[in-house]
Amino acid sequence: MNWHLECTVNGEPVRREVPAACTLLDFLRDHLGLTGTKGACLEGECGSCTVLLDGQPVCSCLVLAAQVQGREVRTVEGLAREAGLSVLQEKFIETGAAQCGYCTPGLLVAGQALLDEDPRPDSRELRTGLEGNLCRCTGYTSVVEAVRLASGKKELE
Ligand code: FES
Ligand code: FES
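On a predicted model such as this, the values are computed, not experimentally measured, just so you know.

Draft legend 1. Geometry of the nonpolar core. Of all hydrophobic cores here, the largest spans 21 residues; its most connected members are Phe92, Leu107, Leu130 and Val147. Among the elements that line this core, the one with the most residues is helix 3 (residues 104-117), at seven residues. Once residues within four sequence positions are removed from consideration, leucine 107 is found in contact with Phe92, Leu130, Asn133, Cys135 and Val143. If you look at the next biggest cluster of nonpolar residues, it comprises 16 residues, including Leu5, Val9, Val63 and Ala65.

Draft legend 2. View of the packing of helix 3 against helix 5 (residues 141-151). One can describe the packing of helix 3 onto helix 5 by two numbers: an axis separation of 11 Å at closest approach and a directional angle of 40°. The angle between helix 3 and helix 5 places the two elements in the oblique class. Handedness of the helix 3/helix 5 crossing: right-handed. Contact with helix 3, carried on its side by Leu107, Leu114 and Leu115, involves Val143, Val147, Ala150 and Ser151 of helix 5 and no other residues of that element. Of the residues that constitute the contact of helix 3 with helix 5, the class distribution is six nonpolar, one polar and no charged.

Reading the values: the criteria
- Residues numbered from 1 in each chain as written.
- Chains lettered and ligands numbered in written order.
- Predicted model: local features only at pLDDT ≥ 70, side-chain atom pairs only at ≥ 80, totals over all residues.
- Heavy atoms only, no water.
- Core = buried A, V, L, I, M, F, W, Y, C linked by side-chain atoms within 4.5 Å.
- Buried < 20%, exposed > 50% of the residue type's maximum accessible area, 1.4 Å probe, protein only.
- Helix = DSSP H or I, 4+ residues; strand = E, 2+ residues; numbered from the N terminus.
- Contact = heavy atoms within 4.5 Å.
- Axes fitted to C-alpha atoms, helices over the stretch in contact; angles between N-to-C directions.
- Parallel < 35°, antiparallel > 145°, perpendicular 65-115°, else oblique.
- Left-handed = near helix turned anticlockwise from the far one by under 90°.
- Nonpolar A, V, L, I, M, F, W, Y, C, P; charged D, E, K, R; others polar.

Okay, structure coming up:
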């Protein structure tokens, strides 16, 4: 059975027929060609598939495409500005927070959600905001540093 899905993705209205069992992750990647969002565990454990749904970070592997009917989705592709990369994306490059890069889209989305909610998070808020996103390369120090720099804070308290 197919579902006639209407939603907004990265500010653009989208209409597609999708199988009822299609996940949001597969919808974004396979139906819209937005392959920035990565699937890894497919069990809600790693956060690599994180996107914003109505501004809140969710694991797109655990959400059915049909559940985003009438709602707003923002993916890593939607973080960049017309002028170029977002501040957070630039700070990820600056600090070397992207290594193999598999976790990076999810971390960028989760980091942006954190900054949208609180532009100047303290150390605990920052680490808590990113705790659902696993990275096996960076040890997290450079990721935390990138978000701190994007927040404009001189140091974390
Ligand atoms: S792929 Fe969705 S949480 Fe790991
Ligand atoms: S940069 Fe490789 S898993 Fe995070």
